[in-house]
Amino acid sequence: MVGLGYVGLPLAVEFAKEGFKVIGIDLDQRKVDSLNAGESYIPDVPTEEVAALSRSGKLVATTDYAALREADSVSICVPTPLRKTRDPDMSYIIASADEVAKYAHPGLLIILESTTYPGTTDEILLPRLKARGFNVGADVFLAFSPERIDPGNKQYGVRNTPKVVGGHTDDCSEAVYALYSTAIEKVIKVSSTQAAEMVKLLENTFRAVNIGLVNEMAIMCDKLGVNVWEVIEAAKSKPFGFMPFFPGPGLGGHCIPIDPLYLSWRMKSYNYNARFIELADEINMNMPRHVVGKVAEALNDDGKPIKGSRIIVMGAAYKKDIDDVRESPALDVIKLLSDRGATVDYHDPYIPSISLEHAGGHGTKQSVFLTEQAVRAADCVVIVTDHSAFDYAMLGRAARLIVDTRNAMNRLNSASARIVKL
Ligand SMILES: NC(=O)c1ccc[n+]([C@@H]2O[C@H](COP(=O)([O-])OP(=O)(O)OC[C@H]3O[C@@H](n4cnc5c(N)ncnc54)[C@H](O)[C@@H]3O)[C@@H](O)[C@H]2O)c1
């Protein structure tokens with residue numbers, strides 16, 4: 001398993017539990033040391049499982065790609081972020097493809113898992129294997145299989161989430177199907193690596209576009225003075241042809257805000273403008289500004305400007321009950337409020353500190369210890385992430401004003417705070 005992050009580690013553990021000897025390769029020495037000491041660093045992967053697998057020798061980690069010499073298959077799960085220019089950053093896939101090709105040997109099955117633009121497996125992995133003189137599909141086998149892990153999801157994990165695979169040839173598909181069927185309940189074959197790459201982009205674009213749509217609904221409802229949450233709740237009663245999506249402070253995480261842009265970038269080389277993707281991106285990217293606008297309006301109603309106000313942001317993670325802050329809209333909300341002169345603290349039991357560099361700011365901030373007194377003293381509390389661990393009753397009792405971007409206060413029967421919804 002190459003790349004032992006949110007995707008690679010759960011996959012590695014599932015294969016090790018099935019009895020395979022799994023070698024994890026990661027350039028991050030701390031992750032390697034942690035796994036070899038039997039400790040997990042991913043909340044969805046229990047440390048007891050890692051400890052048992054590490055003790056039995058089923059799971060070992062290294063920074064050295066030479067370990068591939070003893071592997072029968074390799075799954076590549078390295079990051080695919082965007083550059084500052086919002087173009088795909090392929091450097092991680094290229095770096096790992098170079099190493100995998102260097103140590104490839106007859107019989108090796110190579111599977112790319114990272115989310116990427118259609119054509120990546122053919123354009124980056126295939127030529128490197130051919131350059132080594134391999135007949136791909138006969139000497140070595142090549143496939144793409146999109147990872148579908150949903151961090152924090154208690155119902156669906158690696159084992160019971162169906163997995164799509166697409167090989168460079170039919171034999172490549174057969175090989176990956178045979179391997180993945182050992183640890184995953186349902187494996188679905190598609191006809192090519194490119195189709196498998198596109199499956200993931202359809203899934204994530206579907207989410208990005210629908211979230212963009214519902215965020216725009218929230219903006220329109222706001223102008224109309226209609227409660228968007230009530231509208232969604234009622235629309236949900238339709239048993240067919242409707243699937244609820246919910247508005248929020250903006251997209252976050254490593255997938256939904258990023259992956260569709262891999263596709264729209266790719267389509268530019270076909271002289272095609274992926275309009276739904278661009279539009280959804282524009283609306284979703286603007287949500288933190290919309291939230292700050294709501295805060296400004298709400299404070300204004302109390303006769304206060306943002307400048308000089310004390311604001312507590314609840315939650316920094318991009319979604320509830322996880323410890324991942326990548327692309328989180330909380331960073332933008334905090335930066336925008338700070339830029340306008342507010343004194344902003346944030347509280348998140350999962351995220352002890354944040355760097356504001358990603359949102360174009362400077363420095364770091366530490367999560368504050370939240371007391372009822374601090375909530376009483378704040379001019380506004382902004383709920384950005386609706387972690388289950390938050391004491392919503394206390395917020396409702398102690399806060400003067402709450403801007404609730406997740407409809408989290410809906411769970412309360414009564415609250416003395418003035419609550420402004422997205
Ligand atoms: N996190 C998710 O929910 C999720 C879900 C589905 C798909 N994906 C996709 O899976 C891929 C991996 O995402 P992730 O969330 O696991 O990322 P991550 O950052 O958690 O993990 C990636 C790991 O790869 C390592 N790495 C980087 N370069 C390397 C190299 N050259 N050789 C070996 N290791 C290297 C990093 O040190 C890191 O540990 C991405 O393409 C992502 O879009 C992520």
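Please read all numbers here as calculations on a predicted model, not as lab measurements. (Residues numbered from 1 in each chain as written. Predicted model: local features only at pLDDT ≥ 70, side-chain atom pairs only at ≥ 80, totals over all residues. Heavy atoms only, no water.)

**Some words on the site of the ligand**
Heads up, the condition is: Here a residue is considered near a molecule or strand provided that any single heavy atom belonging to it is located within 4 Å of it. Whenever a nitrogen or oxygen atom comes within 3.5 Å of another N or O atom, the pair is scored as a polar contact, on the condition that within protein one atom can donate a hydrogen and the other can accept it, and that pairs from neighbouring residues in sequence are kept only if both atoms are in side chains. What sets the accessible areas is the Shrake-Rupley method with a 1.4 Å probe; for residues, cover comes only from the shown protein chains. Note on residue categories: nonpolar means Ala, Val, Leu, Ile, Met, Phe, Trp, Tyr, Cys or Pro, charged means Asp, Glu, Lys or Arg, and polar means any other residue, Gly included.
As a structural note, the neighbourhood of the ligand is formed by 27 residues, with Val7, Asp26, Lys31, Tyr65 and Thr80 the closest of them. Within the backbone of Tyr6, one N or O atom sits 3.1 Å away from an oxygen atom of the ligand. With respect to the ligand, the side chain of Tyr65 contributes an N or O atom lying 2.6 Å from a nitrogen atom. Coverage of the ligand by the protein amounts to 92% of the 840 Å² it exposes when considered alone. Considered class by class, the residues forming the shell around the ligand number 15 nonpolar, six polar and six charged.

**A short note on the environment of Arg275**
Spelled out, the test is: In this description a helix means any DSSP run of H or I spanning at least four residues, a strand means any run of E spanning at least two, and both kinds are numbered starting from the N terminus. For the exposure calls, accessible area comes from a 1.4 Å probe over protein chains only, and a residue counts as buried if that area is under 20% of its type's maximum, exposed if over 50%, partly exposed in between.
Residue position: Arg275 is located in helix α10 (residues 275-285). Looking at Arg275, the relative accessible area reads 57%, which means it is exposed. Through-space distance from the C-alpha of Arg275 to that of Ser264 is 8.4 Å; in sequence the pair is eleven residues apart.

**Side note on the packing of helix α1 (residues 8-17) against helix α3 (residues 47-55)**
How two helices sit against one another is set out by the angle between their axes and by the gap between those axes. Basically, it comes down to this: Helix axes are fitted only over the stretch in contact, all axes being lines through C-alpha atoms; the angle between N-to-C directions runs from 0 to 180 degrees. Our angle categories are set so that under 35 degrees counts as roughly parallel, over 145 as roughly antiparallel, 65 to 115 as roughly perpendicular, and the remainder as oblique. Crossings are sorted by hand: turned counterclockwise from the far helix by less than a right angle, the near helix makes the crossing left-handed, and turned clockwise it makes it right-handed. Should any heavy atoms of two residues lie within 4.5 Å, those residues are considered in contact.
Close contact between α1 and α3 brings their axes to 11 Å; oriented N to C, the two are set at 55°. The orientation of α1 relative to α3 falls into the category oblique. Relative to α3, the crossing made by α1 is left-handed. In this structure, α1 uses Val13, Ala16 and Lys17 to contact α3, whose residues at the interface are Glu49, Val50 and Leu53. When its residues are assigned to classes, the contact of α1 with α3 shows four nonpolar, no polar and two charged.

**Describing the pairing of strand β7 (residues 187-190)**
As a reminder, the rule being used: At least two bridges found by DSSP between two strands is the condition for calling them paired. The crossover handedness rule: strands pointing away from the viewer, path from first strand over the helix to second strand clockwise, crossover right-handed.
Summarising the sheet, strand β6 (residues 163-167) and β7 pair through four bridges and their orientation is parallel. The partner of Gly166 across the bridge, within β7, is Val190. For the handedness criterion, the β-α-β arrangement of β6, helix α6 (residues 170-180) and β7 is classed as right-handed.

**Quick word on unusual backbone geometry**
When glycine is set aside, most residues are seen to have a negative phi, and most peptide bonds are trans. Its identity as a non-glycine residue notwithstanding, Asp321 has a phi of 65°, on the positive side. Looking at the element boundaries, Asp321 is found in the loop between β8 (310-314) and α12 (329-339). The phi angle at Glu327 is positive, at roughly 60°, despite the residue not being glycine. You can see Glu327 is positioned in the loop between β8 and α12.

**Details of the pattern of salt bridges**
The criterion, for reference: Salt bridges are identified by distance alone: a Lys or Arg side-chain nitrogen within 4 Å of an Asp or Glu carboxyl oxygen.
Applying the stated criterion to the full structure yields 27 salt bridges. One network of salt bridges, in which partners are shared, links Glu14, Lys17, Glu18, Glu49 and Arg159.

**What to know about helix α2 (residues 29-36)**
Note the cut-off: This arc describes the spread of directions from the helix axis toward the C-beta atoms.
Val32, Ser34 and Leu35 are the residues of α2 that are buried. Projection of α2 onto a plane perpendicular to its axis shows the buried side chains occupying an angular sector of 165°, all on one side. In this fold, the buried residues of α2 make contact with α1, α3 and β2 (59-62). The N-cap residue of α2 is Asp28: its side-chain oxygen and the backbone nitrogen of Arg30 are 3.0 Å apart.

**Thoughts on the nonpolar core**
As a rule of thumb, soluble globular proteins bury nonpolar side chains together. Test applied: To form a nonpolar core, buried Ala, Val, Leu, Ile, Met, Phe, Trp, Tyr and Cys residues must be joined to one another through side-chain atoms within 4.5 Å.
Ranked by size, the top nonpolar core spans 41 residues in total, and within it Leu68, Val74, Ile76, Ile110 and Leu129 carry the most contacts. Sorting the residues of this core by element identifies β1 (22-25), β3 (73-76), α4 (91-103), β4 (109-112), α5 (120-131), β5 (141-144), α7 (193-224) and α9 (259-268) as the ones contributing at least two each. When residues of this core are assigned to their parent elements, the largest contribution, five residues, is made by α4. With residues up to four places along the chain from it excluded, the contact list for Leu129 reads Ala101, Ala104, Ile110, Phe134, Val136, Val140 and Leu142. Listed in part, the 33 residues of the second largest apolar core include Val313, Tyr346, Ile354 and Val384.

**Looking at the state of the cysteines**
Test applied: Criterion for a disulfide: a pair of cysteine sulfur atoms within 2.5 Å.
Applying the stated criterion to the full structure yields zero disulfides. Cysteine Cys172 shares no disulfide, and the gap to the nearest cysteine sulfur, in Cys77, comes to 18 Å. Relative accessible area serves as the criterion here: at 0%, Cys172 is assigned to the buried category.

**Things to note about the packing of aromatic side chains**
Here is the rule we go by: Side-chain rings of Phe, Tyr and Trp (the six-membered ring for Trp) are treated as a pair once their centres are within 6.5 Å; stacked means planes under 30 degrees apart, edge-to-face means over 60, and tilted covers the remaining angles. When the NZ atom of lysine or the CZ atom of arginine is within 6 Å of a ring's centre and also within 35 degrees of its normal, the charge is said to sit over that ring.
All chains considered together, the criterion is met by six aromatic pairs. Measuring from ring centre to ring centre gives 5.4 Å for Phe15 and Tyr180, while their planes differ by 40°; the resulting arrangement is tilted. Of this pair, Phe15 sits in helix α1 while Tyr180 sits in helix α6, and the two are 165 residues apart along the sequence. An identical accessibility class is assigned to Phe15 and Tyr180; each is buried. With 5.1 Å between their ring centres and 50° between their planes, Tyr117 and Trp265 make a pair best called tilted. Here Trp265 lies in helix α9 and Tyr117 lies in the loop between β4 and α5, a separation of 148 residues in the sequence. Judged by relative accessible area, Tyr117 falls into the buried class, the value being 6%. Ring pairs connect the aromatic residues Phe15, Phe20 and Tyr180, which therefore count as one cluster. The lysine or arginine in question, Lys189, covers the ring of Tyr177, its NZ or CZ lying 4.8 Å from the ring centre.

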